[in-house]
Amino acid sequence: MSTSHTVCKKLFDYITKLPKFSTNVHAQFAVAEYIAIADNQPAFIGATTEKRTEIHQWVEFATERFNSFTEADAKCVNEVLLSSTYLTYNHTHSAADIFTFVAAQPFVAAHAKLATSFPSLFRWVDLLQHTVPGATEWKGKVAIDLKAVPSMSTATASVTAASDAAPVAAAVASAAAAPVDDKHAAKLAAKLAKKAEKDSKKAERKAAEPAVAAAEPAVAAESAAASPKKAAAAAAPAAPAAAAAAASSSVSSGRVSADANPYRLDVRVGRIISAERHPDAESLYVEKIDVGEDEPRTIISGLVKHIPIDQMQNRPCLVLCNLKPAKMRGIFSAGMVLCSSSAQADGSEKVEVLAPPANAAPGTHITYDGIERGDVTPDAVLAPKKKVWESVQPGLFTNDKKVAGFIDHEGTFHAMSAAGGKVTSATIKGGPIR
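What you are looking at is a predicted structure, and each value in this text was computed from that prediction instead of being measured.

**Brief notes about the overall build of the protein chain**
Item 1. Counting secondary structure elements, the protein chain contains 12 helices and 14 strands.
Item 2. Taking all 434 residues of the protein chain together, the buried fraction comes to 55%.
Item 3. Contacts spanning at least 24 positions in sequence make up 71% of the contacts within the protein chain whose residues lie at least 6 apart.
Item 4. Here the protein chain has roughly 18,300 Å² of accessible surface; of this, 53% comes from carbon and sulfur atoms.

**Notes on the pairing of strand β3 (residues 297–301)**
Item 1. Most of β3 sits inside the fold, with 5 of its 5 residues counted as buried.
Item 2. Going residue by residue along β3, you find Arg297, Ile299 and Ser301 tucked away on one face and Thr298 and Ile300 tucked away on the opposite face as well.
Item 3. Bridge count for strand β2 (residues 281–290) against β3 is 5 bridges, and the pairing is antiparallel. When the bridges of β3 are listed, Lys288 appears paired with Thr298.
Item 4. Between β2 and β3, which pair antiparallel in sequence order, lie 6 residues; one of them, Gly292, sits at a positive phi of approximately 85°.

**Looking at the sheet that holds β3**
Item 1. Read across the sheet, 5 strands follow the order β3-β2-β1-β4-β7 without closing on themselves; strand pairing throughout is antiparallel. The open sheet has two free edges, formed respectively by β3 and β7 (336–337), since each of these has just one partner strand.
Item 2. Taken together, the 2 bridges between strand β4 (residues 315–320) and β7 define a ladder with antiparallel strand orientation. Pairing of Val319 across the sheet is with Val337, part of β7.

**Some points on the packing of helix α4 (residues 71–80) against helix α6 (residues 119–131)**
Item 1. The N-to-C vectors of α4 and α6 enclose an angle of 80°; their axes lie 7 Å apart at closest approach. If you check the angle between α4 and α6, you find them roughly perpendicular. From α4, Ala74, Val77 and Asn78 reach across to α6, where they touch Pro119, Ser120 and Leu121.
Item 2. Classifying every residue of the contact of α4 with α6 by side-chain character gives 4 nonpolar, 2 polar and no charged.

**What to know about helix α3 (residues 49–63)**
Item 1. Between its first and last C-alpha, α3 extends 21 Å over 15 residues, near the 21 Å set by a 1.5 Å rise per residue.
Item 2. Buried within α3 we find Arg52, Thr53, Ile55, His56, Trp58, Val59, Glu60, Phe61, Ala62 and Thr63.

**Some words on the side chain of Thr298**
Item 1. Locating Thr298 in the fold gives a position in strand β3.
Item 2. A polar side-chain atom of Thr298 sits 2.6 Å from a polar atom in the side chain of Lys288.
Item 3. Residues within four places of Thr298 in sequence aside, it is in contact with Val286, Glu287, Lys288, Ile331, Phe332, Ser333 and Ala334.

**Re the packing of aromatic side chains**
Item 1. Applying the stated criterion across every chain, the model contains 8 aromatic pairs.
Item 2. Where Tyr263 meets Tyr368, the ring centres are 5.2 Å apart and the plane angle is 80°; that geometry is what we call edge-to-face. Here Tyr263 is found in the loop between α11 (243–248) and β1 (267–278), whereas its partner Tyr368 is found in strand β10 (residues 367–368), with 105 residues between them in sequence.
Item 3. For Tyr263, a relative accessible area of 3% gives the class buried.
Item 4. Residue classification places Tyr368 among the buried positions, given a relative accessible area of 3%.
Item 5. Consider the rings of Tyr368 and Phe406, whose centres lie 6.5 Å apart with planes at 75°: the pair is edge-to-face. In this pair, Tyr368 sits in strand β10 while Phe406 sits in strand β12 (residues 404–407), placing the two residues 38 residues apart along the sequence. Of the two residues, Tyr368 and Phe406, neither departs from the other in class, the shared state being buried.
Item 6. Connected via pairs of aromatic rings, a cluster forms that spans Phe12, Phe101, Trp124 and Trp138.

**Let's talk about unusual backbone geometry**
Item 1. Phi at Asn314 takes a positive value of approximately 50°, unusual for a residue other than glycine.
Item 2. A positive phi is found at Ala419, a non-glycine position, where the angle reads about 55°.
Item 3. In this fold, Ala419 is placed in the loop between β13 (413–418) and β14 (421–422).

**Some points on the confidence of the model for the protein chain**
Item 1. Looking at the protein chain as a whole, its pLDDT mean stands at 77, while 74% of the residues score no less than 70.
Item 2. With pLDDT under 50 throughout, residues 203–254 is counted as low confidence; its partners more than four residues away or in other chains account for 151 contacts.

**Focus on the pairing of β1**
Item 1. Two elements, β1 and β4, share 6 bridges in a ladder whose sense is antiparallel. Bridge pairing links Ile272 to Arg315 in β4.
Item 2. Here β1 runs beside β2; their pairing, made up of 7 bridges, is antiparallel. Within the sheet, the bridge partner assigned to Arg277 lies in β2 and is Tyr285.
Item 3. Taken together, β1 and the strand that follows it, β2, pair antiparallel across an intervening segment of 2 residues.

**Quick notes on the side chain of His278**
Item 1. Within the secondary structure, His278 sits in strand β1.
Item 2. Polar contacts involving the side chain of His278 include one to the main-chain amide nitrogen of Ala281, which spans 3.5 Å.
Item 3. At 3.0 Å, the side chain of His278 forms a polar contact with the backbone oxygen of Met328.
Item 4. When sequence neighbours within four positions are dropped, the list of residues in contact with His278 reads Leu284, Tyr285, Val286, Ile300, Met328, Arg329 and Ile331.

**Overview of the pattern of salt bridges**
Item 1. Under the definition given, this model contains 12 salt bridges.
Item 2. Across the pair Glu352 and Lys350 runs a salt bridge, and its minimum N-O distance is 3.6 Å.
Item 3. Look at Glu352 and you get buried, because its relative accessible area is 9%.
Item 4. For Asp369, the salt bridge goes to Lys422, with nearest N and O atoms at 2.1 Å. Here Asp369, found in the loop between β10 and α12 (388–392), pairs with Lys422, found in strand β14; they are 53 residues apart in sequence, far enough to count as distant.
Item 5. Owing to a relative accessible area of 38%, Lys422 belongs among the partly exposed residues under this scheme.
Item 6. Within the structure, one salt-bridge network assembled from shared partners comprises Asp266, Arg268, Glu293 and Arg297.

Calculation criteria
Residues numbered from 1 in each chain as written. Predicted model: local features only at pLDDT ≥ 70, side-chain atom pairs only at ≥ 80, totals over all residues. Heavy atoms only, no water. Helix = DSSP H or I, 4+ residues; strand = E, 2+ residues; numbered from the N terminus. Buried < 20%, exposed > 50% of the residue type's maximum accessible area, 1.4 Å probe, protein only. Contact = heavy atoms within 4.5 Å. Areas by Shrake-Rupley, 256 points an atom, 1.4 Å probe, with all protein chains shown as cover. Pairing = 2+ DSSP bridges. Axes fitted to C-alpha atoms, helices over the stretch in contact; angles between N-to-C directions. Parallel < 35°, antiparallel > 145°, perpendicular 65-115°, else oblique. Nonpolar A, V, L, I, M, F, W, Y, C, P; charged D, E, K, R; others polar. Expected span 1.5 Å × (residues − 1). Polar contact = N/O pair within 3.5 Å; in protein donor to acceptor, adjacent residues only side chain to side chain. Phe/Tyr/Trp six-rings, centres within 6.5 Å; stacked < 30°, edge-to-face > 60°. pLDDT = per-residue confidence, 0-100. Salt bridge = Lys/Arg side-chain N within 4 Å of Asp/Glu carboxyl O.

Okay, here's the thing in structure tokens:
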């Protein structure tokens, strides 16, 4: 397994050419996902649940330290690199390396004297600046004398990395780390697990206001007003910016599990009859939506910061209808309006309500081109413990033609359709849907 230099360059250019570094973890990871899938490099952001979670944690680690990388951070990265050439794989880059390199490079450039304290970190930075296109031009090549950096006692892996320059060969040849004993490995694993738990709790506190990042608050919380933690849980499916949500998300876009079936979601065409501000939550709309039933449903959406209220009146939409109804700030919500989202250059997020075909009547069920429904019917209610939404949502994306769809475990895009037409987003290409 090896990672294309193209995907490394695209992500590196995206991060470093923004007017300012974005600290929106969800937005950053979503961009990395899109770049990886577009380049047919799913492993770059994690082709398994474990790798995806690990890489997401590194993205969060890096984005929080773009302008404040410290010696304690250097020690953390150095310890991980004792047993691996790269942060998450031993033989190739991942998005974790690119994000963390951007955070760590200025620190290494300014602290040459610490090479003896953090030799694995310094060797890794030298390796990346020679193997990631554009890295040496970004802030200039960091002068690292590999002969002066303490070498590890024994290499644990033979490392291969494409390069034409002699310095690259030297960097690659000496980049492998020394083996660590079982006691050290167990200690390191426990440390990382503790950090992951701490980061997850921190993310919950940040997500206290429902539906802050994208389309919807999820409807699993009994009372967001009564408990910030419940509000964080409520926001998770709709706002995977929280690390906890990312950890629970089963797999990456284009690499969902083979048994992830979008037909278990009851997604229907809807029409928003009216929308008004929630009386007790300034970021929420309370909508009445026709989904083809006898009475319109009441649905709460965290779209106030993204879509003006006049644009929420009498408009078509897509609704996930089999979420478990739940009270949100005193009002029951019985569904979720599906939206696409896209990271912006200023670190904010653009959100658009998905648009069904104009001739699709409220209540029309969505189909996925190329996927047979067979005898699969939507779950009556999406039980939180079964994580059906979490298993399917990572595959929901818009493509480069702004068509909404599902990317299956083989990376094949299946367009969402209704009444013979496609579901679309107004302007967003390659954006996650939730």
